[in-house]
Amino acid sequence: MSSFLVRAHGLYVSVFNAVEKTLGGDLLALLARFTLAGVFWRSLLTKVETVKLFKYTEYINDFPVERAHVRLPAFPLEIRPATYHQFNGDFALPLLSGELAALLATLGEFILPLLLVFGVLTRFAAAGLLVMTLVIQIFVYPEAWWGTHALWAVMCLYLMSKGPGRLSFDHMLRNRFAS
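I will try to describe carefully the structure that is included in this document. In this text the structure is predicted, and so the values were computed from the model without any measurement. (Residues numbered from 1 in each chain as written. Predicted model: local features only at pLDDT ≥ 70, side-chain atom pairs only at ≥ 80, totals over all residues. Heavy atoms only, no water.)

### A look at the overall build of the chain
(1) Moving on: Regarding its fold elements, the chain presents 7 helices and 2 strands.
(2) Moving on: When its helices and strands are written in sequence order, the chain yields α-α-β-β-α-α-α-α-α.
(3) Moving on: For the chain, whose C-alpha radius of gyration is 21 Å, the value lies well above the compact-globule estimate of 16 Å for 179 residues.
(4) Moving on: Taken along its principal axes, the extent of the C-alpha atoms in the chain is 65 × 50 × 35 Å.
(5) Moving on: Looking at the chain alone, contacts between residues at least 24 apart form 61% of all its contacts between residues at least 6 apart.
(6) Moving on: Carbon and sulfur atoms provide 68% of the accessible area of the chain, an area that totals close to 11,800 Å².
(7) Moving on: Averaging the coordinates of the 15 positive side-chain charges in the chain and doing the same for the 12 negative ones gives two points 13 Å apart. (Helix = DSSP H or I, 4+ residues; strand = E, 2+ residues; numbered from the N terminus. Rg over C-alpha atoms; globule rule 2.2 N^0.38 Å. Contact = heavy atoms within 4.5 Å. Areas by Shrake-Rupley, 256 points an atom, 1.4 Å probe, with all protein chains shown as cover. Lys, Arg positive; Asp, Glu negative; His and termini not counted. Charge placed at Lys NZ, Arg CZ, Asp CG, Glu CD.)

So this is what it looks like as structure tokens:
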């Protein structure tokens, strides 16, 4: 029986050493950056006017619905009136007017995900998204911690503590200026 356990332990160690070597560090940081950026970018797209690329029509119950494979913010950024309405109503924050809160949230959801995707000022961007996550948790959706916000917070904390990994402009710039 102990021979079986020794072989099982050896297999376990080999498999998870390979997983750590493959996913640990750089790839995990890249996945965390893209995942976190994607969450907040999709939220941005609900707040601003967008441009639809690669449009197609889907029929739902015989009614045509226009869809797009890619949606991007229209430039210049134009915050939708519904966004201001939300921040003056359901998303109202103490100490900030609805207009200012809508503007700050929209700019944060535009700038910080871009920084994460490119790995520029990654720790700063992750800290900013952590603050946004905590504001959302405390003032907007206090019931969403375990289902959603805890996952965002963990990704933010990982990026803040470990950095963006080698697949980033941060890493490239650090190496360039270190020499």
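That covers the picture; the talk isn't over yet.
### Observations regarding unusual backbone geometry
(1) Moving on: Here the amide bond leading from Phe 75 into Pro 76 is cis, since omega sits at 0°, within 30 degrees of zero.
(2) Moving on: Relative to the elements of secondary structure, Pro 76 occurs in the loop between strand E2 (63-73) and helix H3 (81-88).
(3) Moving on: A positive phi angle, near 55°, is found at Asn 61, a position not held by glycine.
(4) Moving on: Of note, Leu 95 is a non-glycine position whose phi angle comes to about 75°, a positive value.
(5) Moving on: The residue Leu 95 is located in the loop between H3 and helix H4 (98-118) in this model.
(6) Moving on: Looking at Leu 95, the relative accessible area reads 91%, which means it is exposed. (Buried < 20%, exposed > 50% of the residue type's maximum accessible area, 1.4 Å probe, protein only.)

### So, the environment of Phe 91
(1) Moving on: With respect to the element layout, Phe 91 can be found in the loop between H3 and H4.
(2) Moving on: Its relative accessible area of 13% is what places Phe 91 among the buried residues.
(3) Moving on: Sequence separation of Phe 91 and Ala 102 is 11 residues, and the distance between their C-alpha atoms is 9.0 Å.
(4) Moving on: Ignoring anything within four residues of it in the chain, the contact list for Phe 91 reads Gln 86, Val 140 and Tyr 141.

### Considerations on the side chain of Asp 26
(1) Moving on: Among the secondary structure elements, Asp 26 is positioned in helix H2 (residues 26-47).
(2) Moving on: Within the structure, Asp 26 has its side chain in polar contact with the side chain of Arg 166 (distance 2.5 Å).
(3) Moving on: Each residue touching Asp 26, except ones within four places of it in the same chain, is listed here: Gly 165, Arg 166 and Leu 167. (Polar contact = N/O pair within 3.5 Å; in protein donor to acceptor, adjacent residues only side chain to side chain.)

### Focus on the pairing of strand E1 (residues 50-60)
(1) Moving on: Two strands pair when backbone bridges link them, and E1 and E2 are joined in this way by 10 bridges, in the antiparallel orientation. In the strand pairing of E2, Glu 58 is matched with Val 65.
(2) Moving on: In this structure, the hairpin formed by E1 and E2 is closed by a connection of 2 residues, where Asn 61 is found at a positive phi of approximately 55°. (Pairing = 2+ DSSP bridges.)

### Considerations on the pattern of salt bridges
(1) Moving on: A complete count under the given rule lists 5 salt bridges for this structure.
(2) Moving on: Salt-bridge contacts for Asp 26 lead to Arg 166; the nearest nitrogen and oxygen are separated by 2.5 Å. Note that Asp 26 is positioned in helix H2 and Arg 166 in the loop between helix H6 (145-162) and helix H7 (169-178), a separation of 140 residues in sequence.
(3) Moving on: Residue Asp 26 is classed as buried on the basis of its relative accessible area of 17%.
(4) Moving on: Where Glu 109 meets Lys 47, a salt bridge forms, and the shortest distance between an N and an O atom there is 3.1 Å. Highlighted residues: Glu 109 in helix H4 and Lys 47 in helix H2, separated in sequence by 62 residues.
(5) Moving on: We classify Glu 109 as buried; its relative accessible area is 3%.
(6) Moving on: For Lys 47, a relative accessible area of 7% translates into the label buried. (Salt bridge = Lys/Arg side-chain N within 4 Å of Asp/Glu carboxyl O.)

Bear in mind that shape data such as this cannot, by itself, settle questions of function.
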